Amino acid sequence: MIEARALFFRAANLGSDGGYSARWVRVETKPLPFYFPNWPSRVAAARLHDLHHIAAEYETDWPGEAEIAAWEIASGCARYHAAWILNFGGFGAGLVVAPRRLFRAFVRGRRAKTNLYKSGFDESQLENMTVGMLRDQLGLDAILSSASIADVGLFLFWCIPSVLVWLPVPFLTVILFWLIVRAKFWTA
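Note that the coordinates shown come from a computational prediction; the quantities given were computed from them, not determined experimentally.

## What about the overall build of the protein chain?
- Regarding its fold elements, the protein chain presents nine helices and two strands.
- Each helix and strand of the protein chain, placed in order from N terminus to C terminus, yields the pattern α-β-β-α-α-α-α-α-α-α-α.
- The buried share among the 188 residues of the protein chain stands at 41%.
- Of the roughly 11300 Å² of accessible surface on the protein chain, 66% is carried by carbon and sulfur atoms.
- Charge-centre separation for the protein chain: the mean point of 19 positive side chains lies 8 Å from the mean point of 16 negative side chains.

Next comes the structure, spelled out in structure tokens:
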């Protein structure tokens, strides 16, 4: 599992430690990236989130981040508040960039036996665990059945906070634009 995680870090350009020691997290958006503090609760959640990525085989592009967000929300983020907040953002983005994949990942998460947010994970176990063992522990090899009415209802329910997370973005964009225009007007 240590080798799989190192390969994951390399493929995702996260650095040798996955960016856990970085002061800021960079999120690639076009045309400009944005940054946010890499606070300790985010690092604790990211350590488990990255293992979920590896086990569930979701990429680190926008659709893949949306999928892992949906899987984690559906399977539950327990007391990891940073995971809930960040996953709402990923889920909301997924509604735009990959809604079908988002829904499939959500249903897959609903069928998961558990996840690492609930069961916990001691990093000293990485040496003795394989990706296959982690997949078995999480129940990721189960055949996905069709979505139930409850799956659809819960998916729609989780859409609400996920959309609400994105509502401030247009407002902040207008404020930023106003500040730029104001600064240019006053300096002209």
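## Thoughts on the packing of aromatic side chains
- Counting across every chain of the model gives 13 aromatic pairs.
- Judged by centre distance (6.2 Å) and plane angle (85 degrees), the rings of F91 and F106 are edge-to-face. Within this pair, whereas F91 is found in helix 4 (residues 81-97), its partner F106 is found in helix 5 (residues 99-111), the two being separated by 15 residues in sequence. Across the pair, exposure class does not vary: F91 and F106 are buried alike.

## Some remarks on a nonpolar patch on the surface
- On the surface, W62, V96, V97, V165, W166 and V169 cluster together to form a nonpolar patch covering roughly 520 Å² of accessible area.
- Of all elements in the fold, only helix 4 and helix 8 (149-166) reach the threshold of two or more residues within the nonpolar patch.
- Within the fold, V96 resides in helix 4.
- Overall, V96 belongs to the exposed group, its relative accessible area being 69%.

## Some words on the pattern of salt bridges
- Applying the stated criterion across every chain, the model contains seven salt bridges.
- R135 is the salt-bridge partner of E57, the closest N and O atoms lying 3.9 Å from each other. You can see E57 sitting in the loop between helix 2 (40-56) and helix 3 (62-75) and its partner R135 sitting in helix 7 (residues 131-138), a full 78 residues away along the chain.
- Its relative accessible area of 57% is what places E57 among the exposed residues.
- The salt bridge partner of R110 is D151, with a shortest N-O separation of 2.7 Å. A residue pair is termed long-range when its members are at least 10 positions apart, and R110 in helix 5 and D151 in helix 8 qualify at 41 residues.
- Residue D151 is classed as buried on the basis of its relative accessible area, which comes to 0%.
- Through salt bridges that share partners, R5, R47 and E123 make up one connected network.

## Quick word on the nonpolar core
- By size, the foremost hydrophobic cluster in this structure holds 40 residues, and its most contacted members are L51, F91, F106 and L134.
- Only helix 1 (2-11), helix 2, helix 3, helix 4, helix 5, helix 6 (116-119), helix 7 and helix 8 provide two or more residues apiece to this core.
- Broken down by element, this core gets its largest block of residues, eight residues, from helix 2.
- Excluding residues within four positions of it along the chain, F106 makes contact with A70, I73, A74, F91, D151, L154, F155 and W158.

## Details of unusual backbone geometry
- Of note in the backbone geometry, N13 takes a positive phi value of approximately 55 degrees without being a glycine.
- Locating N13 in the fold gives a position in the loop between helix 1 and strand 1 (24-27).
- A residue is classified by how much of its surface remains accessible, and N13, at 69% relative accessible area, is exposed.
- The backbone of A78 shows a phi angle near 50 degrees, a positive value even though the residue is not glycine.

## A look at helix 2
- Helix length check: helix 2, at 17 residues, gives a terminal C-alpha distance of 24 Å against a target of 24 Å (1.5 Å per residue), a fit within 8%.
- For helix 2, the tally of buried residues reaches 13 of 17 residues, placing the bulk of the element in the interior.
- One or two residues past the end of helix 2 sits E57, with phi positive at roughly 65 degrees.

Parameters and conventions
- Residues numbered from 1 in each chain as written.
- Predicted model: local features only at pLDDT ≥ 70, side-chain atom pairs only at ≥ 80, totals over all residues.
- Heavy atoms only, no water.
- Helix = DSSP H or I, 4+ residues; strand = E, 2+ residues; numbered from the N terminus.
- Buried < 20%, exposed > 50% of the residue type's maximum accessible area, 1.4 Å probe, protein only.
- Areas by Shrake-Rupley, 256 points an atom, 1.4 Å probe, with all protein chains shown as cover.
- Lys, Arg positive; Asp, Glu negative; His and termini not counted.
- Charge placed at Lys NZ, Arg CZ, Asp CG, Glu CD.
- Phe/Tyr/Trp six-rings, centres within 6.5 Å; stacked < 30°, edge-to-face > 60°.
- Patch = residues over 30% accessible without salt bridge, like charges linked within 9 Å, V, L, I, M, F, W, Y side chains within 5 Å.
- Salt bridge = Lys/Arg side-chain N within 4 Å of Asp/Glu carboxyl O.
- Core = buried A, V, L, I, M, F, W, Y, C linked by side-chain atoms within 4.5 Å.
- Contact = heavy atoms within 4.5 Å.
- Expected span 1.5 Å × (residues − 1).

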